[in-house]
Protein chains: 2
Amino acid sequence: MPAHWMGAENIAFLIYPRFTALDMVGPHYMLTSLMGATTHVVAKTRDPVASDTGLVFTPSASFEDCPADLDILCVPGGTLGTLAAMEDDATLRFLKARGARAKFVTSVCTGSLLLGAAGLLEGYKATSHWMTKPLLPVFGAEPAPGRMVRDRNRITGGGVTAGIDFGLALVGALRDRTYAEGVQLLAEYAPEPPFDAGTPERAPAEVKAILDAMMADFIVQARRTGTAAFARAQAL
Amino acid sequence: MPAHWMGAENIAFLIYPRFTALDMVGPHYMLTSLMGATTHVVAKTRDPVASDTGLVFTPSASFEDCPADLDILCVPGGTLGTLAAMEDDATLRFLKARGARAKFVTSVCTGSLLLGAAGLLEGYKATSHWMTKPLLPVFGAEPAPGRMVRDRNRITGGGVTAGIDFGLALVGALRDRTYAEGVQLLAEYAPEPPFDAGTPERAPAEVKAILDAMMADFIVQARRTGTAAFARAQAL
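Residues numbered from 1 in each chain as written. Chains lettered and ligands numbered in written order. Predicted model: local features only at pLDDT ≥ 70, side-chain atom pairs only at ≥ 80, totals over all residues. Heavy atoms only, no water.

Participant: Explanation requested: the nonpolar core in the structure shown.
Facilitator: It is characteristic of soluble globular proteins that their nonpolar side chains tend to be buried jointly. The biggest cluster of nonpolar side chains holds 160 residues, and the ones touching the most others in it are M24, F57 and L95 of chain A together with M24, F57 and L95 of chain B. Setting aside residues no more than four positions away along its own chain, L95 of chain B makes contact with L14, L73, V75, A100, L114, A118 and L120 of chain B. (Core = buried A, V, L, I, M, F, W, Y, C linked by side-chain atoms within 4.5 Å. Buried < 20%, exposed > 50% of the residue type's maximum accessible area, 1.4 Å probe, protein only. Contact = heavy atoms within 4.5 Å.)

Okay, here's the thing in structure tokens:
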């Protein structure tokens, strides 16, 4: 085995009430394939945390126990849960502290709004779920094209399933192509989506209109909550 | 909203020690999008269950509390954890009882070995993780091509990430195409794998050889454990 296949990364995934489990579990699968790495699932306390679809996770660390120096900090998204997390000063303080020192500061889906609220995307190109991408300038971030956007040590992924692509790409960057291909083969990651509606450009207009209507209130609320959190976080 | 977009399905995911979380969380994301459906995460007891990558889940139901009549029973895979589950009579008994009555009996990845051990794939075409697919005849099942194989009410998916395609396809079958396209767009499911090694045919020979060597002992053990479990389960 090539020596560089063994590492020693400290990786932390933030979880919080009503986060989207797949945003986290996709990259978690990929990153826990890194031999020698240690992965933490971190929440405000060690109490169980319920996802937006009712999956209940027990964190492996609280904000207090989480190592100060992380190689990868990864923040999954959620809908109303993400807004509530933005309103929580302890969460913003945790993100500011770990984000200032982490080698890679990353997010999946609306997790970028949380990074943004904590001031971690100011002056960076970034992405988010397609619905919340227009909100990035609220945090001083510049929306950029791509399912995954890297700007220096910030890596942000698009909605939900983008976390799988992001995680696998990061495995390739941290080990090498052969290693990542092994992980891809183990995950049998040769996707065959049964429909072709995964982006606003490719989805039928009718489908996009339904989601836009469904999420309109959330977007208004996210802009308001995000603006306030970003202002408040600067003083934390 | 079309009336048929609202349903009333009872869905249960089995979890067990060292299962692969992504096998479950992928289709769980998709199936919990079914308006009106109730989703259970079922384990032997209500105690927390750790996945093979160390994610800790609290089940929502034990074998005893799980409804007798399910619309969808879904069994995720795992590696050594799946073999241990095959050796557990309570798990086999649960699968036999719920599988005999469920409208759809489904699996992702090596979850098909558990269905097989419980006698639920006898006489059915099925698939599994590409590495364990050759073991299906042990259970009287016939390996069939495809990332997802449906034979009457049995639906089996390939390795890990195949669960996402399977889940979305099932949403389409249970509601309609427009509904499923909405879910796909919400999940931003327009995958862009950073490498092209997701099947044994597409992966470089070197990469496949590494995994074959890594898993050789497991395959031998899975055949032995599967054969014994299948014989034992008939009498349960």
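Participant: Explanation requested: the relation of the copies chain B and chain A in the structure shown.
Facilitator: Each of the two chain copies can be brought onto the other by rotation about an axis and movement along it. Turning chain B through 180° and shifting it by 0.0 Å along the axis lays it on chain A, with an RMSD of 0.0 Å. What we have between these two chains is a two-fold relation. Nearest to the rotation axis, the C-alpha of F57 of chain B is located 2.3 Å from it, this being the minimum over chain B. Both copies share a contact surface, since 100% of the interface residues of chain B are interface residues in chain A too. (Least-squares fit on C-alpha atoms with pLDDT ≥ 70 in both.)

Participant: Looking at this model, I keep getting lost on the pairing of strand β11 (residues 154-157) of chain A. Mind explaining?
Facilitator: Look at any regular strand and the pattern is simple: side chains alternate between the two faces of the sheet. Residue and element names in this part refer to chain A. Along β11, one buried face is formed by R154 and T156 and the opposite face, lined by I155 and G157, is buried too. Pairing of strand β7 (residues 104-107) with β11 involves three bridges; the strand directions are parallel. Counted as the bridge partner of T106 is I155 from β11. The pairing of strand β10 (residues 148-151) with β11 spans four bridges and is antiparallel. When the bridges of β11 are listed, V149 appears paired with T156. (Helix = DSSP H or I, 4+ residues; strand = E, 2+ residues; numbered from the N terminus. Pairing = 2+ DSSP bridges.)

Participant: Could you clarify how one ought to interpret the packing of aromatic side chains in this entry?
Facilitator: Each aromatic ring pair is characterised by the separation of its centres together with the angle its planes make. Tallying each qualifying case throughout the model produces 11 aromatic pairs over all chains. Between F57 of chain A and F57 of chain B the ring centres are 4.5 Å apart and the planes differ by 45°, which places this aromatic pair in the tilted class. Of this pair, F57 of chain A sits in strand β4 (residues 56-58) while F57 of chain B is found in strand β4 (residues 56-58), placing the two residues in two different chains. A relative accessible area of 1% means that F57 of chain A is categorised as buried. Ring pairs connect the aromatic residues Y16, F19 and F57 of chain A together with Y16, F19 and F57 of chain B, which therefore count as one cluster. The aromatic ring of Y124 of chain B is capped on one face by R152 of chain B, whose charged end is 4.2 Å from the ring centroid. The lysine or arginine in question, R175 of chain B, covers the ring of Y179 of chain B, its NZ or CZ lying 5.9 Å from the ring centre. (Phe/Tyr/Trp six-rings, centres within 6.5 Å; stacked < 30°, edge-to-face > 60°. Lys NZ or Arg CZ within 6 Å of the ring centre and 35° of its normal.)

Participant: Can you help me understand the sheet that holds strand β11 (residues 154-157) of chain B in this one?
Facilitator: All names here are of chain B. The mixed open sheet is built from seven strands, whose spatial order is β5-β2-β1-β6-β7-β11-β10. The open sheet has two edge strands with one neighbour each: β5 (61-62) and β10 (148-151). When strand β1 (residues 10-14) meets strand β2 (residues 38-43), the two strands line up parallel, connected through five bridges. Counted as the bridge partner of A12 is H40 from β2. The strands that helix α1 (residues 21-31) touches are β1, β2 and β6 (72-75); relative to β1, the one it contacts most, it runs at about 170°. Contacts between helix α3 (residues 89-101) and the sheet are confined to β1, β2, β6, β7 (104-107) and β11, with β6 contributing the most and set at about 150° to the helix. (Axes fitted to C-alpha atoms, helices over the stretch in contact; angles between N-to-C directions.)

Participant: Explain the confidence of the model for chain A here, please?
Facilitator: Should pLDDT be low for a region, the predicted coordinates there are not to be read in detail. Per-residue pLDDT for chain A has a mean of 98; in total, 100% of the residues score no lower than 70. Among the prediction metrics, the complex's ipTM stands at 0.97, with pTM recorded as 0.98. (pLDDT = per-residue confidence, 0-100.)

Participant: Sorry if this is basic, but what is going on with the interface of chain B and chain A here?
Facilitator: Interfaces are frequently sized by the accessible area removed from exposure as the parts join. Across the contact, 60 residues belong to chain B and 60 residues belong to chain A. Buried surface at the junction of chain B and chain A, summed over both partners, amounts to about 5,300 Å²; 70% is from carbon and sulfur atoms. Looking only at chain B, the three residues that lose the most surface to chain A are L185, E188 and F195 of chain B, adding up to 15% of its buried area. The interface formed by chain B and chain A includes zero salt bridges. (Buried area = accessible area lost by both parts, 1.4 Å probe. Salt bridge = Lys/Arg side-chain N within 4 Å of Asp/Glu carboxyl O.)

Participant: Would you take a moment to explain the pattern of salt bridges for this structure?
Facilitator: Residues and elements named next belong to chain A. Across all of its chains, the model carries 23 salt bridges over all chains by this definition. Residue E9 is joined to R175 by a salt bridge in which the shortest nitrogen-to-oxygen separation is 2.8 Å. On the criterion of sequence distance, the pair formed by E9 in the segment before β1 (10-14) and R175 in the loop between α5 (162-174) and α6 (177-186) is long-range, its members being 166 residues apart.

Participant: Got a minute to help me understand the environment of C74 of chain B in this structure?
Facilitator: Residues and elements named next belong to chain B. Within the element layout of this structure, C74 appears in strand β6. Here C74 falls in the buried class, since its relative accessible area comes to 0%. If sequence neighbours within four positions are ignored, C74 has contacts with A12, F13, L14, T106, V108 and F166.

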